[in-house]
Structures are given as C-alpha cells and as structure tokens.
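# Structural description and commentary
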Amino acid sequence: MSTLVFLEHHEGELQKDSLGVLGKAAQLGDDVSALIAGSGVEGLAAQAARFGASKVYLADDPALAAPLPQPRVDVAADLIRRHGFDTVLFGATVLTADVAAGLAARLDAGLNWDLVELTQENGKLVGKRPALDDTVYVDVGWKSEPRLALIRTGTFEPVESGGEAGVEQVDVQLQDFSTLATMVEQAHEESEGPSIEEADVIVAGGRGLGGPENFALIEELAKALGGAVAATRAVVDAGWYPYSAQVGQTGKTVSPRLYVALGISGAIQHKVGMQGSNVIVAINKDPNAPIFEYADLGVVGDLHQIVPKLTELVNAKNAAHFPRG
Amino acid sequence: MDIPPIESGAGMKIAVCAKVVPEQARRIDPETKRLDRSGEQTLNPFDANAVEEALRLKGDDAGAEVVLVSLGPERSLDALRKALAMGADRVVLVADEAAAGSDLVASSYALAQVLEREGADLILFGQQANDSDGAVMWAAVADRLRRPLISQVAELTVSDGTLRGKRQTEFGYDVIEAPLPVAVAVSDAINEPRYPSLKGIMGAKKKPQQTLSLSDLGVDADRAGEAGSRTEVYAIGEPPPRGETQRIDDDGTGAEKIVEFLLERKAL
C-alpha cells in the first residue's frame, strides 16, 4: 500500500483531523506521503513528519493561496499519476470533500465518504460508513485504484511519532477552468460572541425554534442552568444567531457536562460537534428526528410549551438551593 | 455596439440537478446491498432549496428557463413533478435499468453528458442527498464539465455574468466569485422552498418531461451502473452499541420529567 494523505491547513497550522488521518495511515503499516498545497507552506513540512509522514510533497505557489478546491485537484491528480499512489485519504471538510470528488472524476477513481474506520482485511482495504442516520454500519470498498476516502470529522486522533521526512517541491500546473473561481473574502467571522467551548452546560437551538425571536427561550434556560447558548449551522446561516456560537462540522466541537438540544433534528453534521457531551437531552416535535437516536433523554413535544416551564422549574430549584435572606 | 450588462437572472438558463429519494421507512436491501427504493418516493428535500433558488433567479423573466435534470427509474417523474409544480419549466430524466447502482464516478459521468447537452449558464445542486448522505456530486460534475465550482452557498447573486456566493466553512464565511457558466451547490439555509400552488400542481403534468436512455446520451454500458462504478458494498452491519437512550412523548409533564432525569443523572 502506498498512501497519500492530503493535509489541510489554516493560519499556519495543519488541521487536527488531517493529522489524525495521517496517523491512521501510518498505523496501517506502510510508507505514508503527505501533500501540503498552499502559498508559503514550507514550514508545515516538519509538523507533518512529526505526525507520521515519511515523505512530504509541497505544492507551494501563490495561485494556491486561497483554499479553493479546483487548483488542488490539478496538483493532487498530477502527483497521484506520477507516483502511482494506490490510496488517497482526506479528513473531511468543506474544502477536502470538493477536492476528493473532483479527483474521483478526474482519475475515474472510487470515492467512499463519511468513513469512521479503515482496516486491512486479507490485503483488502475496507472502510466503515454509518448510513441512514447512523442506524446501520456499511462495510465499503474499492474496485480499482487509486482508492479515495473522506474520513468523518473527529474520527482519528493525531499521534505524534516524532519522525523526519524527505521534502519535495512539486510543480504546480493548473487547468484553465480551475482558476476561474476566485476568493473575494476568506474566513470572515461574522460577529464575536462568548466562547462555548469551555462551557459546562450548553443549551442549543435549531430551526425548530421557528424564528430568531425564540432564541430568548434558549437564553433564559441557559441562564437558569448557568450555561452558554449554541446554535446549528442552519440557523446561523439564516442569520438567527452568530457564527461564534455554532456547533457542528463547520462550527465548534464541544463536550459539556450537559447538552440540551432544542428544535434540532441532529443530522450528522451537528452530531459530530457535540457527541462527546456527557448527558444529552433533546426536545423535538418530530418523533423521527435523528437526535433521538443518541440523546440520553428525548422528549417528543412542542419546545415552546416545554422550555418556559423547564426554565421555571430550574429557577425554582436554584432558589431552593440558595435561599434568599 | 455595447452589449447591455446582464441583470440578475436575465435570460439565464438554469439546470437543477435533483435526486428522487425514498420518502420514509428507509432500509438497505440485504440482497442487492442497495437502498430499498420500492416505497413512496419524494424529491430530495435539499434539492427543493436548489429549485427555489433557481426560481428566485428566474423571477418573472420569460426568457429564463429552469430545467430539472435527474437520474433514476422512470417512476421518479412523479416526484420530480413537485419541482414543476413549484414553477420549474421542464424535466429531463435519465432512466435506464443499466444505470441502477451507479456510484459517484458513474452518476457524475451520466449527469455530465446530459448537462453538456443542456448547456446551462448555471448548474445548481442541493447540499446533500438525504438517502446516501452524499455531499460531493457537484465537484465531480464540475470537473467533468471543466467549469468553476462554488459549494455550500448560503447567499447568491448574479450580475454582469458573474456569480457571487457567500458560504460557510470550518473557519468562517468565504465570499467566492466565478464567471458563468458555473456549478453551484446551495446550502439549505439559502431560502425557504415555496409550496406548490394548486394551479402549479394542475399545470405540472402538462410541462415537458423528457426521458432519455444511456444510449440516447452516448453513454457506454460499461461506464454506468455497477460496471461503471469504482466503489462497492461488502456488508451491512449493526452500529456499535450505544448508551441507553430513552424517549418520552410530552403529555404536559415533559418539563417535570426532564428535571427528574437531570437530578437522577446529577446534571442539575
């Protein structure tokens, strides 16, 4: 097996999920190469070596400064063709999903996504993919090489092995259509807010709230529980709540003592950001919402009825604990 | 003579790639290891956002056109008519037994052949298929068509032949621009899809609904279905055991029950 791992970076740091996948590839027991594409990325090679790469390919070019997928497909396709890697792995993100799928088309290569495990069985690579809201686990494989795989966020922890790697600069030759999309503004955080990553208790709201005005319900419950307020991508994108409070794949990953999910269906993109919570309580009016598959306590009902009462009861308990006067 | 600038959507041809998915009771057939598609079918809800965005861009411009492009069995037309009822102009469905079981490589190839024929200025996708959880088709199709790509778009404008999209990533919001023709995947936060009106539903049946076979498209059988696919499914298994979960229906005492539970778990 000769594996290439695509490493994503942001503000001069290789991303944790990328490094986790790199560690997994090294553990599968072969020479693992890494590809770092960007502008001024030379300094990242040593970090890749420490986390399991035995060879680092650097595609360092001003045309790769913006994290756009299509130029990265060009670079990776050339590299894979030249060196004949049989396996190419990605930690799944907004960027890498587009790179991997572009490569699948370019190389006529099979892509399996959302994998939570990779194993070798009798010399055959097998991936595990949760399906149908994680209610079944499917063993998937590839019929040809290269084999492309996107690994679900947070699946593998990075392992620092402290090695060294040879570093090679690769030529950057881009297709005409690959440079047509341009980044006008990048990674702009819409507004600042309190950090939710350190919060002991989180009360989170989703589209089931019905409208931005109903975040007041959440704020009151969070205050009673001494916790922070969080939101799903859908409501953040809709402008109901600031990005800094977003939990999920494209937001924060949190693991509070208590996570209360209100009007959140609990799709996988949300689940990966909060599944490490100690206790999960969910209220949703849809009995088929995926969140009921993994909430410790799920209540099927109208949050607009239940939440004000819950806040009142928690406040009453607090008052009993801390009697005034 | 100067050509006047194109206003948002003016005369634009928009193709929406849509998938028809099982409505509920989803299961994987242990024989074929494919999703059981025998029950009621519906338009993938995420694709309704793409249809809505196409209709918004078209507005009341009679020169603009919204065409739905889909792969699936013949009976998918029933579910696709929902998009026609919303206001889309016509449907092109690639229906061919030989295409069943196509993976990303095979599906994106067939889709690209249809889209090549349609020659749309804008190709829209929904953010994911709710049956396979696939969220990558656009990138494969864009590569095959050699067109620029913007994914996860939550806000979109078109002017002077340039599309500008705002989208969320792990690090914040990007604004990306690309010239038409372009492939764009929209987030489900971009709009609230309209409900079809009664008039729309009545009119949908009369709108053009074309069915094409793979050979109509010049797609060889070995590039479609399982033969054209590069991935396979070995086995269907149970998820790992998880901690106990309990679910209750709120009978008016939901709040009390949550408090009891929190006290029991020492979470309060």
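Here the structure is a predicted model, which is why all the values come from computation and not from measurement. (Residues numbered from 1 in each chain as written. Chains lettered and ligands numbered in written order. Predicted model: local features only at pLDDT ≥ 70, side-chain atom pairs only at ≥ 80, totals over all residues. Heavy atoms only, no water.)

Taken together, the contact pairs 81 residues of chain B with 92 residues of chain A. Taken together, both faces of the contact between chain B and chain A bury some 7,300 Å²; the carbon and sulfur share is 56%. Of all residues in chain B, B:Phe171, B:Tyr173 and B:Tyr234 bury the most surface against chain A, accounting for 11% of the area lost on that side. For the pair chain B and chain A, the interface holds 8 salt bridges. A salt bridge links B:Asp188 to A:Arg207, with the nearest nitrogen and oxygen atoms 3.0 Å apart. At the boundary of chain B and chain A, one finds 45 residue pairs in polar contact (both at pLDDT 80 or more). Examining the composition of the side of chain B that touches chain A, we find that 9 residues originate from one element, helix H6 (residues 254-264) of chain B, more than from any other. Here the side of chain B that touches chain A is composed, by residue class, of 34 nonpolar, 17 polar and 30 charged. Alignment of strand E10 (residues 136-142) of chain A against strand E12 (residues 231-237) of chain B, held across 6 bridges, turns out to be antiparallel. (Contact = heavy atoms within 4.5 Å. Buried area = accessible area lost by both parts, 1.4 Å probe. Salt bridge = Lys/Arg side-chain N within 4 Å of Asp/Glu carboxyl O. Polar contact = N/O pair within 3.5 Å; in protein donor to acceptor, adjacent residues only side chain to side chain. Helix = DSSP H or I, 4+ residues; strand = E, 2+ residues; numbered from the N terminus. Nonpolar A, V, L, I, M, F, W, Y, C, P; charged D, E, K, R; others polar. Pairing = 2+ DSSP bridges.)

A word on the pairing of strand E4 (residues 32-38) of chain A. Residue and element names in this part refer to chain A. With 7 of 7 residues buried, E4 is to be regarded as a mostly interior element. Burial of the side chains of E4 extends over both faces: Val32, Ala34, Ile36 and Gly38 are buried on one face and Ser33, Leu35 and Ala37 on the other. In terms of strand pairing, strand E1 (residues 3-7) meets E4 through 5 bridges, oriented parallel. Directly across from leucine 4, in E4, lies its bridge partner serine 33. (Buried < 20%, exposed > 50% of the residue type's maximum accessible area, 1.4 Å probe, protein only.)

On to the packing of aromatic side chains, then. Aromatic rings in a pair are described by how distant their centres are and how their planes are angled relative to each other. Residue and element names in this part refer to chain A. Per the counting criterion, the structure on display carries 5 aromatic pairs over all chains. With a centroid separation of 5.6 Å and an interplanar angle of 35 degrees, the aromatic rings of phenylalanine 6 and phenylalanine 90 are classed as tilted. Linking phenylalanine 6 in strand E1 with phenylalanine 90 in strand E6 (residues 87-91), this pair joins segments that are 84 residues apart in sequence. This pair shows no difference in class: phenylalanine 6 is buried, exactly as phenylalanine 90 is. (Phe/Tyr/Trp six-rings, centres within 6.5 Å; stacked < 30°, edge-to-face > 60°.)

What follows deals with the domain arrangement of chain A. All names here are of chain A. Segmentation of chain A into domains returns domain 1 (3-179) and domain 2 (201-321). Centre-to-centre separation of domain 1 and domain 2, based on C-alpha positions: 34 Å. Each partner contributes residues to the interface: domain 1 has 9 residues there, and domain 2 has 7 residues. Both sides together, the interface formed by domain 1 and domain 2 hides about 600 Å², and carbon and sulfur atoms give 54% of it. Taken together, the connections running from domain 1 to domain 2 amount to 1 salt bridge. For the pair domain 1 and domain 2, the number of links is 3 residue pairs in polar contact (both at pLDDT 80 or more). (Domains from an automatic or database assignment.)

Now for the sheet that holds E10(A). Taken together, the 4 strands give an open sheet; going across it, the order is E8(A)-E9(A)-E10(A)-E12(B), and neighbouring strands pair in antiparallel fashion. Strands with a single pairing partner mark the edges of an open sheet, and in this sheet they are strand E8 (117-121) of chain A together with E12 of chain B. Between one strand axis and the next, the sheet turns by 30 degrees as a mean value, whatever way the strands run. Examined bridge by bridge, strand E9 (residues 124-131) of chain A and E10(A) share 5 bridges and lie antiparallel to one another. For A:Pro130, the partnering residue across the bridge sits in E10(A) and is A:Tyr137. (Axes fitted to C-alpha atoms, helices over the stretch in contact; angles between N-to-C directions.)

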